[in-house]
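The primary structure of each chain is shown beneath.
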Amino acid sequence: MVKAIKIFVSGLVQGIGFRPAIHRAAVYSNVRGYVKNLGGSEVEIYVEGEEENIKSFINSLSRFLPPYTIIEEVHMHYENPHNLSRFIIEKSSGALVKKSMIPPDIGICEHCLKEVLDPSNRRYRYPFNSCAWCGPRYSMMYGIPYDRENTSMRKYRLCDECEKEYGDINNVRRHHAQGISCPRDGPQLYLYTSNGEAIDVNDPIREVAKLIDEGFIVAVKGVGGYHIACLATDDNVVLKLRKRKKRPSQPFAIMALDLDTLSRLIYFVPPSSIDLLLSPQRPIVLLPKREGSPVSYYVSPGMDVEGVFLPYTALHYLLLQEVRDRFLIMTSGNVHGQPMCRTEECVFKKLGNVIDYVLVHDREIVNRVDDSVIRFTNGEYVFLRRGRGYAPMWLRTPFNLDREVIAIGAELQTAAAIGFEDKVVLTPYVGDLDNVETMEELGEMLRFLMRSYGIEFTESIVMVTDKHPGYASRQLAYEICSKYGCNVMEVQHHYAHILSVLADRGLKVENNIIGIAIDGTGYGDDGTLWGGEIMVVNSEGYNRAGSLESIPITSEKDIEYPIRLLVATLAKIFGSQVYEIIEAISQSIYISELEREIVVRSVFEGRYIESSSVGRFLDMVSALLGVCHYRSYEGEPAIMLEAVARGGKLIDELEYIDVRYRDMFRIDTLSYMVKLLYVIQQYNNVANMYKLNDIAYTIQIALGRALASAALKSLYGRRNIEQYVVVGGGAAVNSYIIKGIMNVLKEANVKVYLPKKIPPNDGGIALGQVYAYYMSKAFKN
């Protein structure tokens, strides 16, 4: 008896070869019907035939599905047969039946790379080789459904041979693959000087490799934007790049040809790092530097780790194969603080004074997407930046929204998000919203997601933003809602951090949950700056149960020059005796007498704002230990302090920071500073009594222990407590702080959760903002 079923599948099912796989399964099972993409990134399947054949079709699907398929929801119902004669891949529809995932960019697969390296293959040395299983996706999409006509590949008409592959159902990797091409019909490479003058060469890749080996700096157009490539082994070249890019010390990433090449530069610790490096997402991974590495010190000065990744396109692989070292600096092609360039106009206009040459291809980069960055924190991987390979895949949440929500994120290293049903879609990493270009990029990314999921600015939309009155993101939210009549909801920064971890881990708020939020800064409910917070989260919202003792911030310059933080804090602790203290540790104080006096006077006269920030505390300690006196990029003093601590051992005198109760549990960092000063004096005056790495290590472990102790103390007297603590915020990536937290909580049989799918920093805070909206409605009377 002939029967028919219609199936709607959502998940990651477009842009990965899903429809051709369904086609093959249908032919194998002898059923008729069709498969087609729909306008919400979902797929519709209709099959009819004998009941046994339909069962065979369903049972065989797992054998035919392509490698990167993620099936999240399947809706199936019976229909009356249409009496079709065959099974086809039908033209896509713009209809939105069930929202699904937008495909991210996928690193080149081993099969495509093998073709590129095979002299007998027609795609030999073809820089843009791809198939149904790999290649650009999101970065070249104008919209959904994912079809060639909706991507920047639409201008390249398939040649006869590619057309034959496209139509061949038995060609598993290229049948109906939307992004395929070859040297005859695909994108082409061109070489230019930095002022836009074309250079006529037979092989642009070999010519660029030669130029790089000669010490030149080249902009290379990639998947989601431009990289800047140059030698990583030549001090003079690296310093030249730093001077031109106005980036004095922030580390550069290194792309290497293969694992063997990387093994000369880093240690694969932990071993699971190899899986990350080889994954289709191909993120940058921070790994311990190998002793004797040929990489210039100036690539990542003062760091104990190197940011490394493997080529994710044939273009990258072919370039690395030609250069002498088999690895290169491959850093974002941008003006410091601005978005990465994705157009030739941007490169020639903004990077002309940074680079010497430009390697261009003629495929448009529609959507900018930065490389993802991952590090290991206390042995577990944590995102620092979520971009290429991961975004804009959605995250399933433990809650269901009653309406569509737009979260605008925070201010630094941020990303925005849209929320609907039980899903949140984060934009790729946006950056710092302190310039017009990045704000415009944020708007473009949000508009793409809204178009893709059929969301419009209406009165029913809620825009969630950080409550900091000085944030440009907050101003943007109010401007948009003033124009369209939507509602703005403000959320406290650290509450959002804690909720983002809960959402990431699929944890619903039912009982009292303890959260630790540690970062550089966030606007507190009392008008001060928070950043070292213990919060109790429950159905009523949150309660601030503990905090670091506040230190004074007298000016924005204190953030840039952390030695000023130290002087201000010493003035708060010692009052008029501060001058004697400064004199006693003068070896550690790099500040003019005039500036010192300005800071001290500001504290004595009450002209400062209080901050409980873990980031600022670490900055101050970093300056005191002589590790970092100038902050040239976000988190630099704290990052350097963590690097110095590698291999350190605990010092008894500094092992514990007191936790005292005064209106809440206060981590007494001020008294701890007095103990630290004593140890510093011993370090300066008694040969080899203490090692710098031991001091740095102990301070960070002690801070983690104190945070955990405050969290445990805040549990006392409360009922319905979950037996876990979540930790979020930018400082939650610090291995030693997290180790200290885990050591204490493990003894108390309390689990610790960090986020696994999003960064704990502001790049993931939009997820928590969406959760905050849900919380505000779910428990409302």
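Thresholds applied
- Residues numbered from 1 in each chain as written.
- Predicted model: local features only at pLDDT ≥ 70, side-chain atom pairs only at ≥ 80, totals over all residues.
- Heavy atoms only, no water.
- Helix = DSSP H or I, 4+ residues; strand = E, 2+ residues; numbered from the N terminus.
- Rg over C-alpha atoms; globule rule 2.2 N^0.38 Å.
- Buried < 20%, exposed > 50% of the residue type's maximum accessible area, 1.4 Å probe, protein only.
- Contact = heavy atoms within 4.5 Å.
- Axes fitted to C-alpha atoms, helices over the stretch in contact; angles between N-to-C directions.
- Parallel < 35°, antiparallel > 145°, perpendicular 65-115°, else oblique.
- Left-handed = near helix turned anticlockwise from the far one by under 90°.
- Nonpolar A, V, L, I, M, F, W, Y, C, P; charged D, E, K, R; others polar.
- Expected span 1.5 Å × (residues − 1).
- Pairing = 2+ DSSP bridges.
- Disulfide = S-S within 2.5 Å.
- Phe/Tyr/Trp six-rings, centres within 6.5 Å; stacked < 30°, edge-to-face > 60°.
- Polar contact = N/O pair within 3.5 Å; in protein donor to acceptor, adjacent residues only side chain to side chain.
- Core = buried A, V, L, I, M, F, W, Y, C linked by side-chain atoms within 4.5 Å.
- Salt bridge = Lys/Arg side-chain N within 4 Å of Asp/Glu carboxyl O.

A. Seen up close, the overall build of the chain. Broken down by element type, the chain carries 23 helices and 31 strands. In summary, the chain has a C-alpha radius of gyration of 28 Å against a globular reference of 28 Å for 781 residues, a match within 12%. With respect to the principal axes defined by its C-alpha atoms, the chain has extents near 90 × 70 × 50 Å. Looking at the chain as a whole, 63% of its 781 residues qualify as buried. In the chain, of all internal contacts separated by at least 6 residues, the share reaching a separation of at least 24 is 74%.

B. Structural detail: the packing of helix α1 (residues 18–29) against helix α2 (residues 51–64). Between α1 and α2, the least distance of the axes is 9 Å, while the angle of their chain directions is 140°. Between α1 and α2, the angle falls in the class oblique. Here α1 runs over α2; the crossing is right-handed. On α2, the residues touching Ala21, Ile22, Arg24, Ala25, Ala26, Tyr28 and Ser29 of α1 are Asn53, Ser56, Phe57, Ser60, Leu61, Arg63 and Phe64. Residues belonging to the contact of α1 with α2 are distributed by class as follows: eight nonpolar, four polar and two charged.

C. Here's a closer look at α2. With 14 residues, α2 extends 20 Å between its outermost C-alpha atoms, agreeing within 8% with the 20 Å of an ideal straight helix rising 1.5 Å per residue. Buried within α2 we find Ile54, Phe57, Ser60, Leu61 and Phe64. Looking at the buried side of α2, the elements it contacts are β1 (2–12), α1 and β3 (43–50).

D. The pairing of strand β23 (residues 512–523), seen in detail. Within β23, 10 of the 12 residues are buried, leaving the element largely enclosed by the surrounding structure. Inspection of the sheet shows β23 paired to strand β24 (residues 529–538) by eight bridges, in the antiparallel sense. When the sheet's bridge partners are listed, Gly515 is paired in β24 with Met535. As consecutive antiparallel partners, β23 and β24 are separated by five residues, and within that stretch Gly527 has a phi angle of approximately 85°, a positive value.

E. Looking closely at helix α19 (residues 636–644). Where burial is concerned, most of α19 is hidden: seven out of the nine residues are buried. Those residues of α19 that are buried lie in contact with β15 (373–377), α15 (562–574), α18 (614–624), α21 (692–713) and α22 (735–747).

F. Highlighting the state of the cysteines. Using the criterion set out here, one finds two disulfides in the structure. Each sulfur in the disulfide pair Cys341 and Cys346 lies 2.0 Å from the other. Residues Cys341 and Cys346 share a disulfide whose torsion about the S-S bond is about -60°; that sign makes it left-handed. Taken individually, Cys341 and Cys346 each receive the classification buried, so the pair is uniform in this respect. Going through the chain in sequence order and numbering each bonded cysteine, the pairs you get are 1-2, 3-4. Cysteine Cys109 is unpaired, with the sulfur of Cys134 as its nearest cysteine sulfur at 3.7 Å. With no disulfide of its own, Cys182 has Cys159 as its nearest cysteine by sulfur position, at a separation of 3.6 Å. With a relative accessible area of 1%, Cys182 lands in the buried category.

G. Structural detail: the sheet that holds strand β10 (residues 254–256). A sheet is described by the order of its strands in space; here 11 strands give the open sequence β7-β6-β14-β8-β9-β13-β10-β12-β11-β15-β16, paired in mixed fashion. With partners counted over all chains shown, the strands left at the sheet margins are β7 (198–199) and β16 (380–385), one partner each. Of the strand pairs in this sheet, strand β6 (residues 189–193) and strand β14 (residues 357–361) are connected by five bridges, and their pairing is antiparallel. Note on β14: the bridge partner recorded for Leu191 is Leu359. Strands β9 (226–230) and β13 (327–332) of the sheet are contacted by helix α6 (residues 235–245), whose axis makes an angle of about 5° with β13.

H. Seen up close, the packing of aromatic side chains. Tallied over the entire structure, the rule returns 22 aromatic pairs. Measuring from ring centre to ring centre gives 6.1 Å for Tyr771 and Tyr774, while their planes differ by 45°; the resulting arrangement is tilted. Of this pair, Tyr771 and Tyr774 both sit in helix α23 (residues 765–778), separated by three residues, roughly a single helical turn. The same class applies to Tyr771 as to Tyr774, namely buried. Ring-pair connections join several aromatic residues into one group, and the members of that group are Tyr381, Phe383 and Tyr390.

I. Just the environment of Ser139, in detail. Tracing the backbone shows Ser139 in the loop between α3 (110–116) and α4 (160–167). For Ser139 and Thr151, which are 12 residues apart along the polypeptide, the C-alpha to C-alpha distance reads 8.8 Å. Among the polar contacts listed, one links the side chain of Ser139 to the side chain of Asp105, at a separation of 2.8 Å.

J. Region of interest: the sheet that holds strand β20 (residues 423–426). Across the sheet, which stays open at both edges, the six strands sit in the order β17-β20-β19-β18-β21-β22 with mixed pairing between neighbours. The open sheet is flanked by β17 (395–396) and β22 (487–491), the only strands paired with a single partner. Here helix α12 (residues 472–484) sits on the sheet in contact with β21 (462–466) and β22, set at roughly 160° to β21.

K. Examining the nonpolar core more closely. Ile45, Phe57, Ile212, Leu319, Leu328, Ile418 and Met463 are the most contacted members of the largest nonpolar core, which has 144 residues in total. Not counting residues within four places of it along the chain, the set of residues in contact with Ile45 comprises Ile5, Lys6, Ile7, Val9, Phe18, Ile22, Tyr34, Val35 and Phe57. Of all hydrophobic cores here, the second largest spans 87 residues; its members include Ile534, Ala711, Val725 and Ile738.

L. Focus on the side chain of Glu73. In this structure, Glu73 sits in strand β4 (residues 70–79). Looking at Glu73, the relative accessible area reads 14%, which means it is buried. In this structure the side chain of Glu73 is engaged in a polar contact, spanning 3.3 Å, whose partner is the side chain of His75. Among the polar contacts made by the side chain of Glu73, one reaches the side chain of Lys423 at a distance of 3.4 Å. If we ignore the near neighbours within four places in the chain, the residues touching Glu73 are Phe8, Val9, Ser10, Lys98, Arg396 and Lys423.

M. Layout of the pattern of salt bridges. For the structure on display, the rule yields 52 salt bridges. Where Arg122 meets Glu161, a salt bridge forms, and the shortest distance between an N and an O atom there is 3.8 Å. Of this pair, Arg122 sits in the loop between α3 and α4 while Glu161 is found in helix α4, placing the two residues 39 residues apart along the sequence. Arg403 serves as the salt-bridge partner of Asp402, at 3.8 Å between the closest nitrogen and oxygen.

N. Main features of unusual backbone geometry. Pro145 follows Ile144 through a cis peptide bond whose omega is 5°. Here Pro145 shows up in the loop between α3 and α4. Cis rather than trans, the peptide bond between Ala391 and Pro392 has omega equal to 5°. Inspection of the secondary structure puts Pro392 in the loop between β16 and β17. Notably, Asn30 is not glycine yet its phi reads approximately 60°, a positive angle. With respect to the helices and strands, the residue Asn30 is situated in the loop between α1 and β2 (32–37). At His176, a residue that is not glycine, the phi angle is positive and equals roughly 60°. Looking at where His176 falls in the secondary structure, it is placed in the loop between α4 and β6. Judged by its relative accessible area of 17%, His176 is buried.

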